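# A closer look at the structure
Listed below, chain by chain, are the residues.
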Amino acid sequence: MPLDTSSYALAHLRLDGRRWNELRRLHAQTSTQAAADGSSYLEMGNTKVICTVAGPAESRKGGGGGGNAEAKIEVEIGIAGFSGVERKRRGKGDKRTSEMRHTIASAFSANLFAHLYPHSTITVNLHVLSQDGSLLAACLNATTLALIDAGIPMSDYIVACTAGSTASYASNDEDADPLLDLNGLEEQELPFLTVGTLGAGEKVSVLIMETRMQMTRLEAMLAAGVDGCRQIRSILDGVVRAHGKAVLDSAIS
Amino acid sequence: MPHATAPSTNESSFLLAALRENVRLDSRPFDAYRPISLTFPSSSPDTYGQSEVRIGKTRVLCVISSEVVAPYPDRKFDGVLTISCEMSPLMSAGVDTGGRPDPSETILTTLLDKSIRRSRSLDTESLCIVAGQKCFSIRADLHILDHDGNLLDACCLALVAALAHYRRPDYEVHGEDVKIFSAQERDGVKLTLRDWPFCVSSSYFDAGTITITDANLLEEQCREGEVVVAMTRHGEVVQVAKYGGVAVDALGMLQVVEQSLAKVKMMDGVVKEALARDERERDKGGVMKAELSAENERVMERPVG
């Protein structure tokens with residue numbers, strides 16, 4: 001349905017006027033909340049996410065479990081009822097939400113220098129204000145920014161985006177284009193995957209695909225996704241550096 | 001993982017050192033599975049849909065049952081499939097069942113759910129009896145009897161085999177009345193499975209440079225990352241899941257997906273062979289088999305020569 005319009009067949013333009021390899025408007029801010037140790041606000045198209053980070057702080061259980069040599073990362077996600085097309089209250093025990101929480105916690109556990117903070121907990125709180133596709137990717141990007149704002153050292157940015165395929169609309173395999181950064185309507189109809197890379201290289205940290213796909217098309221989608229992540233990393237890096245410069249300038253003056 | 005069973009530093013560094021020298025502790029090649037055995041134990045010849053899978057020492061039992069319920073109001077034409085997998089202290093020391101379920105249990109159930117139920121491998125429309133009023137609710141219960149690593153592959157294999165084996169009760173609809181026949185009255189009807197998706201789990205070590213398939217318990221506890229690929233034997237990828245962990249080269253991931261195809265075909269063969277063997281054993285010949293055969297009894301005499 002999102003590609004049924006004549007604009008795709010004729011000019012290869014998607015419903016919102018993008019070509020296959022164009023990202024949506026990405027807007028990000030760090031240090032949006034003064035009370036939190038680290039915070040960020042990220043918009044990928046119409047998907048809007050707020051992230052706050054508290055920590056590293058002492059573990060609540062007080063050394064329970066024999067003590068950890070590394071900081072533990074806890075993620076909480078709250079998806080607002082008004083975020084989707086229909087109003088829907090989602091409990092915290094929702095399966096999709098716990099899957100996302102596990103993914104984010106696991107991705108950053110491997111990336112953060114958690115060994116610098118033994119016996120501590122880093123708490124990440126995500127609030128989803130609006131959903132229009134690429135939810136997990138937006139959450140990962142927002143968490144990266146908030147963790148950088150909190151000053152927690154990490155080896156590189158974890159950036160994520162989605163990539164899909166026009167496979168069901170193509171006449172044969174060769175014509176099937178990968179698509180970058182799907183919006184909500186495209187996500188419902190087309191097969192897609194979410195890929196998160198560590199920095200601008202080709203190291204894949206997170207890869208989740210829940211739709212059926214022929215094995216041969218996976219390569220093109222993954223390549224498009226990794227390239228999109230590279231673009232996102234440079235945008236996020238610009239945001240962080242601009243914020244840092246603003247802080248330095250205000251401190252000097 | 002519960003801390004009671006966490007491996008010691010000696011064990012984990014020995015494992016890593018051995019892997020760096022291209023040796024797995026049980027001398028398997030990096031991409032080999034442990035011996036897989038699949039049987040259909042059942043209490044009576046009329047009971048279908050119970051499968052037991054062993055991969056090495058990991059042992060999983062799957063039981064399928066069905067009942068007639070009213071369908072969900074927003075899905076009037078679909079039946080219901082529920083997959084339940086509970087971990088208990090039976091499977092390994094240190095599993096705590098009091099309180100909330102272990103996060104690894106949630107992930108296991110989610111992955112199984114995505115591979116079989118959300119991928120629509122079981123055609124739920126065929127479970128509908130009367131639209132909006134009655135439908136079959138198929139419940140798959142997985143019991144993990146022994147945990148020696150790679151629970152997901154074993155559970156998926158057991159689940160697919162049990163679903164392929166199961167026969168739901170036959171029924172007849174006359175206007176408003178629905179008569180469900182028991183197994184004694186009429187033979188059951190097999191479920192409609194579009195295809196058989198199998199999961200292949202691969203684990204990463206040493207900053208993502210070493211990849212092995214089918215990790216046993218020790219390898220699972222020491223690994224730095226893992227990826228699960230669920231595929232059918234036709235090369236259609238049903239799901240890929242890499243939930244964080246160490247970052248791995250993208251090309252390496254694609255290779256893992258390609259290599260998984262061979263494993264999936266192997267598992268497909270195991271299920272087919274087990275189903276055929278079970279069919280042979282259950283088929284007592286029927287009443288008329290001896291009369292229906294045209295074979296004469298032959299007396300072989302040694303040729304004169």
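Because the structure is a prediction, the values reported are computed rather than measured.

Regarding its fold elements, chain A presents 5 helices and 10 strands. Taking 2.2 N^0.38 as the reference for a compact globule, 253 residues should give roughly 18 Å; the C-alpha atoms of chain A span a radius of gyration of 19 Å, in line with that estimate. Overall size of chain A, expressed as C-alpha extent along the three principal axes, is 60 × 50 × 35 Å. Burial status across chain A gives 49% buried among its 253 residues. Excluding contacts between residues fewer than 6 apart, the proportion of contacts in chain A whose partners are at least 24 apart in sequence is 70%. Summing over all exposed atoms, chain A offers an accessible surface of approximately 11500 Å²; the carbon and sulfur share of this is 52%.

Of the residues in chain A, 90% have a pLDDT of 70 or more, and the chain-wide mean is 88. Averaged pLDDT values for the elements of chain A fall to 70 in helix α1 (residues 6-11) of chain A and rise to 96 in helix α3 (residues 135-150) of chain A.

With that out of the way, let us pick up the interface of chain B and chain A. With 37 residues of chain B at the interface, the matching set in chain A holds 29 residues. Each partner contributes to the roughly 2800 Å² buried at the junction of chain B and chain A, and carbon and sulfur atoms together form 58% of this total. Area buried by chain B at its contact with chain A is led by V240, Y243 and L254 of chain B, which between them contribute 19% of it. For the pair chain B and chain A, the interface holds 5 salt bridges. For R212 of chain A, the salt bridge is made with D195 of chain B, and the minimal N-O distance between the two is 2.8 Å. Linking chain B to chain A there are 17 residue pairs in polar contact (both at pLDDT 80 or more). When residues of the side of chain B that touches chain A are assigned to their parent elements, the largest contribution, 7 residues, is made by strand β14 (residues 236-242) of chain B.

Looking now at the nonpolar core. Formed by 136 residues in total, the largest nonpolar core has its most connected members in L42, I104, L126, L140 and L236 of chain A together with L142 and I144 of chain B. Considering each element in turn, this core owes the most residues, 13 residues, to helix α3 (residues 151-165) of chain B. Residues contacting L42 of chain A, with those up to four places away along its chain left out, are L26, H27, A28, T47, K48, V49, A138, N141, A142, L145 and L236 of chain A. Within the second largest apolar cluster, 8 residues are counted, among which are L19, F205, I210 and I212 of chain B.

Moving on, we get to the side chain of E52 of chain B. Residue and element names in this part refer to chain B. Summarising the element assignment, E52 is placed in strand β2 (residues 50-55). Its relative accessible area of 11% is what places E52 among the buried residues. A polar contact of 3.1 Å, which involves the side chain of E52, links it to the side chain of R54. A polar contact of 2.9 Å, which involves the side chain of E52, links it to the side chain of R59. When sequence neighbours within four positions are dropped, the list of residues in contact with E52 reads S37, L38, T39, P41, R59, V60 and L61.

Turning our eyes to something else, we now look at the pairing of strand β12 (residues 210-213) of chain B. When a strand is regular, its side chains alternate between the sheet's two faces. Residues and elements named next belong to chain B. Strand direction decides the pairing type here: strand β11 (residues 198-205) and β12, joined by 4 bridges, are antiparallel. Residue pairing across strands places F205 opposite I210, the latter belonging to β12. As consecutive antiparallel partners, β11 and β12 are separated by 4 residues, and within that stretch D206 has a phi angle of approximately 55 degrees, a positive value.

Quick look at the pairing of strand β8 (residues 171-174) of chain B now. Sheet analysis places β8 of chain B next to strand β9 (residues 177-180) of chain B, joined by 4 bridges and oriented antiparallel. Across the sheet, residue Y171 of chain B finds its bridge partner in β9 of chain B, namely I180 of chain B.

So, about the state of the cysteines. Going through the model one piece at a time under the given rule, you end up with 0 disulfides over all chains. The closest cysteine sulfur to the non-disulfide-bonded C85 of chain B is located on C155 of chain B, 4.4 Å from its own sulfur.

On to the pattern of salt bridges. Pairs can form between side chains of opposite charge once their charged atoms are near each other. Residue and element names in this part refer to chain B. In this structure the tally under the stated criterion is 39 salt bridges over all chains. A salt bridge links E273 to R277, with the shortest nitrogen-to-oxygen separation between them at 3.5 Å. Within this pair, E273 and its partner R277 are both found in helix α5 (residues 250-282), separated by 4 residues, close to a single helical turn. Connected through salt bridges with shared partners, the residues R24, D26, R28, R34, D148, D214 and E219 form a single ionic network.

Reading the values: rules and limits
- Residues numbered from 1 in each chain as written.
- Chains lettered and ligands numbered in written order.
- Predicted model: local features only at pLDDT ≥ 70, side-chain atom pairs only at ≥ 80, totals over all residues.
- Heavy atoms only, no water.
- Helix = DSSP H or I, 4+ residues; strand = E, 2+ residues; numbered from the N terminus.
- Rg over C-alpha atoms; globule rule 2.2 N^0.38 Å.
- Buried < 20%, exposed > 50% of the residue type's maximum accessible area, 1.4 Å probe, protein only.
- Contact = heavy atoms within 4.5 Å.
- Areas by Shrake-Rupley, 256 points an atom, 1.4 Å probe, with all protein chains shown as cover.
- pLDDT = per-residue confidence, 0-100.
- Buried area = accessible area lost by both parts, 1.4 Å probe.
- Salt bridge = Lys/Arg side-chain N within 4 Å of Asp/Glu carboxyl O.
- Polar contact = N/O pair within 3.5 Å; in protein donor to acceptor, adjacent residues only side chain to side chain.
- Core = buried A, V, L, I, M, F, W, Y, C linked by side-chain atoms within 4.5 Å.
- Pairing = 2+ DSSP bridges.
- Disulfide = S-S within 2.5 Å.

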